[in-house]
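Chain by chain, the residues:
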Amino acid sequence: MSTPATRERESTEVDAGDAKPRSPHQDRRLQEKATRAEQSQRESEERAAEHENTVEIKVFRYDPEVEEKQEPRFDTFHVPFEKGMTVLDAVMYARDHYDSSLTFRHSCRQAICGSDAFFINGRQRLGCQTQIAELDTPVRIEPLPHQEVVKDLVVDMDSFYEQMEAVEPYFQTNELPEDELAEQRQTRENREKIKMGTRCIWCASCMSSCNIAAGDDQYLGPAPISMAYRFAMDEREGEDMKEHRLRIIEQEHGVWRCQTQFSCTNVCPKDIPLTEHIQELKREAVKKNLKFW
Amino acid sequence: MHEHDVLVVGAGGAGLRAAIAAHEEGADVAIVTKLHPVRSHTGAAEGGINAALREGDSWEDHAYDTMKGSDYLGDAPAIETLCKDSPEETIQLENWGMPFSREDDGRVSQRPFGGLSFPRTTYAGAETGHHLLHTLYQQVVKRGIAVYDEWYVTRLAVSEDPDPEKRECHGIVAFDVQTGEVAGFRARNGVVLATGGPGQVFDHTTNAVSCTGDGPAMAYRAGVPMEDMEFIQFHPTTLPSTGVLISEGVRGEGGILYNEKGERFMFEHGYASNSGELASRDVVARAELTEVNEGRGVDDEYVHLDMRHLGEERIIDRLENILHLAGDFEGVDGLVEPMPVKPGQHYAMGGIETDENGETLVSGLYAVGECACVSVHGSNRLGGNALPELIVFGARAGRHAAGTDLGEAIIRTGRTEDTEIGEVDTPVAPGAIHAGDTDDDAVADGGEPRADGASVVPEPDEVVERALTAENRRIDHLMEKDEGIQQAELREKLQKTMTRNVNVFRTEEGLKQALRDIREVREQYQDVYVDDPSRTFNTDLQQTIEMRNLIDTAEAITLGALARDEFRGAHWRQEYQERRDEKWLKHTLLSWNDGTPELWFKPVILEGEDKTYEPKIRSY
């Protein structure tokens, strides 16, 4: 069985509320700050709207802690437009110039860290990889659907990480070369076969786009199954391990739940053929004549 | 309070490798990271891992190339350790399933890289860092190592002794980004800093937004010297609009640089008559900017990198992600047109002073990866040498922190009989601001908690508790302050002056101007406030604390650059266009004593195990 990396969130949630009770004074200040943020946002909108070359973005806002933001809403920002500007550039501009409480994950801004997957004009995309010029305006930017919203564009990723870890996403073999300087051999063809599966950046766009995952929170889902594919098809792991991996993905909430709607494949920012991987695992499972539910 | 044997701060390649190594030695390890591990910036490293694996190559040749590339400012014991350990560490990654590119016989492929005398760069397409990061994280998951992800470490818990060498690190203070809870973490054995580079000090950088120099700044304020900070590597091929990196692999595979006139300037203008595009990075970056400055740049800003002649098949096989990057971020199709490129900030050769076991002068505190300066890169890092550094020194620091005896280090940290005190003529007073001397000022400044005069050495738990109290005070202050200035404005100002004045070409006046601007930013920072009132995922608060780290890091870089009046590796000074070995075969160090940076030097170690590396003119 797998021993997933321990995630230490639960233990701390309990104390978080108790640790720092707010005084009435702090409560009042919180409210004042929230109101001021709203005002400054409105003012900046007006200011920016006067410039000709701006792009209008509508950003989803929600914060469980701030009274004015407890009811989800959209805020509109007018951001000076430049050629080459991405959606991430636009929300960063809005945050840095209009409202510093605008919250989203981002880091590498070159489509490899996978942290800025948003729902942009009705489709899962990486903010950093999406050119504003290619979108209809106003650009609507929302958190990934079917994920719990923590604040603004930030969603809770824990269940996604747990599903990823459920497929034992790590190399396992009992047949390593004895000499520590000896490599395992892998054919170019085999590397080519698993290559796309190794490109996953864990952005969760595919999970968010999948109707089945939305209705079945135990369904392993496209990214984890593709991760299982990447290892099951790696010739270095050996046949026994391949059977072990097929057993994992064949479980009740595994590959057979997939209805080949291709939404995962459509939204994947790294062009991973997720549906194809899932289908091939189904075929492998049948071929091996293993039991399925 | 959370408690573990070893705490690893940061979860890029170095942090993950350190955690795995400590875990293999039986330690109870936890990783604390402000991102989730797979979001770390190691994932963006494209090029490869240098390792002497094949017949015809040797670790000695790798060491020689590295020493030459460093412009004789690397320490031989560190370089030799890197080159000896790299093959085994690289093959270990293969054994852990890393999808390296392969030769026809199934072994891992190697290719040429700048400054290397043998094609010894192992790689996985042009996304080696992504695969290295994920392979290591997979091993962390497999071993069940605890990960506190999206916990931002803001302070080290170090005992307060006037002599930094007598201080001990007992843990860290961090806040849970998701809930805002601030907590102390006690480390029974040691804390390993693996927090990555400080690229956000500049506005045109290949570095992620998260690369804010947190580790070096925290260690610096806790009394650990910063070493060789002036040596900032500018990568020759970054996309002009974003700073996104175009891997050296493109030149390794045969990519050609052209100026606006279509001249292959690396050869035609004599910058590197033998190696051309494959000269080391500092040489190529200066050549490109010289072309632009002399009016031969495209659009007066950049040059062209052409890979069309390599053919679609080879490009797809080895450089596929370069096509995506050029297309997504610059709108250029690399198969049919050349890519625009210019130099961008890429890597900090300097950082937290450590020995070859990763240990700093504060006992129990380690540093590895880009945040550290074990001194393998000297004044210029060779492409393909950052990833082996992560795994080699990550593993060593992890083992040492877990209590394994690695033998005595040859590199000595802190001051010895060989060190000399330096002076630098600064236009403004550098360092902390103690305006008004009230507690609030000290807290806003992020300075050390004031000593309470107690002469008793506190228990480790108490050291962590005190740090926690001080950090709570700072955060409460930032959150409760009503008005003032916001970090975004300060960050922009800092980044602009650094890019203008502390770039590839440096002048005395420019460096002094940078120090004046940094001082102004530091003064304004006294009045910084967080406008987001929420404790839930407050990135405003996080960036405000990062901003303080950027200020200290930027100042250290600039002070080092002003002090070093010579031209070496990546550090070019207009007034001094020669390497001055008689004066400068030494490391610059800065210590933060009571908030005032003190400059000192220690000699570079050129004696290796069997040979001494004689400084030679670098020609490529």
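Residues numbered from 1 in each chain as written. Chains lettered and ligands numbered in written order. Predicted model: local features only at pLDDT ≥ 70, side-chain atom pairs only at ≥ 80, totals over all residues. Heavy atoms only, no water.

It is worth spelling out the nonpolar core at this point. In terms of nonpolar packing, the biggest core is built from 158 residues, with Ile57 and Ile141 of chain A touching the most fellow members. By size, the runner-up hydrophobic cluster in this structure holds 57 residues, among which are Met498, Leu541, Ile557 and Leu599 of chain B. (Core = buried A, V, L, I, M, F, W, Y, C linked by side-chain atoms within 4.5 Å. Buried < 20%, exposed > 50% of the residue type's maximum accessible area, 1.4 Å probe, protein only.)

Look at helix 15 (residues 539-563) of chain B: 36 Å from first C-alpha to last across 25 residues, which is about the 36 Å you get at 1.5 Å a residue. By the N-cap criterion, in which a side-chain oxygen at the helix start approaches the backbone nitrogen of a residue two or three places on, helix 15 of chain B is capped by Asn538 of chain B, the distance to Asp540 of chain B being 3.1 Å. (Helix = DSSP H or I, 4+ residues; strand = E, 2+ residues; numbered from the N terminus. Expected span 1.5 Å × (residues − 1). Polar contact = N/O pair within 3.5 Å; in protein donor to acceptor, adjacent residues only side chain to side chain.)

Turning next to the UniProt feature "domain: Succinate dehydogenase/fumarate reductase N-terminal" (unreviewed entry) in chain A. Following the UniProt record, one finds the feature "domain: Succinate dehydogenase/fumarate reductase N-terminal" (unreviewed entry) at residues 57-161 of chain A. Here residues 57-161 of chain A is 18% helix and 29% strand, with 30 Å between the C-alpha atoms at its ends. (UniProt positions renumbered as here; feature names shortened; annotations may be inferred.)

On to the side chain of Arg102 of chain B. Residue placement: Arg102 of chain B occurs in the loop between helix 3 (76-95) and strand 4 (110-111). Here Arg102 of chain B falls in the buried class, since its relative accessible area comes to 3%. Reaching out from Arg102 of chain B, the side chain makes a polar contact with the side chain of Glu94 of chain B at a distance of 2.5 Å. The residues touching Arg102 of chain B, leaving out its near neighbours within four places in the chain, are Gln184, Arg185, Gln186, Arg188, Arg191 and Arg236 of chain A together with Glu94, Arg107, Val108 and Ser109 of chain B. (Contact = heavy atoms within 4.5 Å.)

Residues and elements named next belong to chain B. Burial analysis of strand 9 (residues 182-193) places 10 of its 12 residues in the buried class, the great majority of the element. Two elements, strand 1 (residues 2-9) and strand 9, share 7 bridges in a ladder whose sense is parallel. What sits directly across from Val9, in strand 9, is Leu193. Note that strand 8 (residues 169-176) and strand 9 share 5 bridges and pair antiparallel. (Pairing = 2+ DSSP bridges.)

Residues and elements named next belong to chain B. Mapped onto this numbering, the UniProt entry annotates "active site" (unreviewed entry) at Arg281. With respect to the helices and strands, Arg281 occurs in helix 8 (residues 281-293). Beyond its immediate stretch of four places on either side in the chain, Arg281 contacts Phe113, Gln233, Phe234, His235, Pro236, Glu248, His346, Asn380, Arg381, Gly383 and Gly384.

On to the environment of Leu511 of chain B. Residue and element names in this part refer to chain B. Locating Leu511 in the fold gives a position in helix 14 (residues 508-525). Classification of Leu511 as buried rests on a relative accessible area of 0%. Sequence spacing of Leu511 and Gly364 is 147 residues, and the spatial spacing of their C-alpha atoms is 35 Å. Apart from the residues lying within four places of it in its own chain, the contact partners of Leu511 are Asn501, Val502, Arg506, Thr558, Ala561, Leu562 and Arg573.

Moving on, we come to the interface of chain A and chain B. Contacts between the two partners involve 81 residues from chain A and, on the opposite side, 91 residues from chain B. Around 7,000 Å² of area is buried between chain A and chain B when both sides are counted, 45% of it from carbon and sulfur atoms. Here chain A is connected to chain B by 8 salt bridges. For Glu150 of chain B, the salt bridge is made with Arg105 of chain A, and the minimal N-O distance between the two is 2.5 Å. Linking chain A to chain B there are 44 residue pairs in polar contact (both at pLDDT 80 or more). When residues of the side of chain A that touches chain B are traced back to their parent elements, those giving at least two are helix 1 (10-19), helix 2 (24-50), helix 4 (87-97), strand 6 (149-151), helix 5 (158-166), helix 6 (188-195) and helix 9 (222-232) of chain A. Across the side of chain A that touches chain B, the residue classes break down as 33 nonpolar, 20 polar and 28 charged. (Buried area = accessible area lost by both parts, 1.4 Å probe. Salt bridge = Lys/Arg side-chain N within 4 Å of Asp/Glu carboxyl O. Nonpolar A, V, L, I, M, F, W, Y, C, P; charged D, E, K, R; others polar.)

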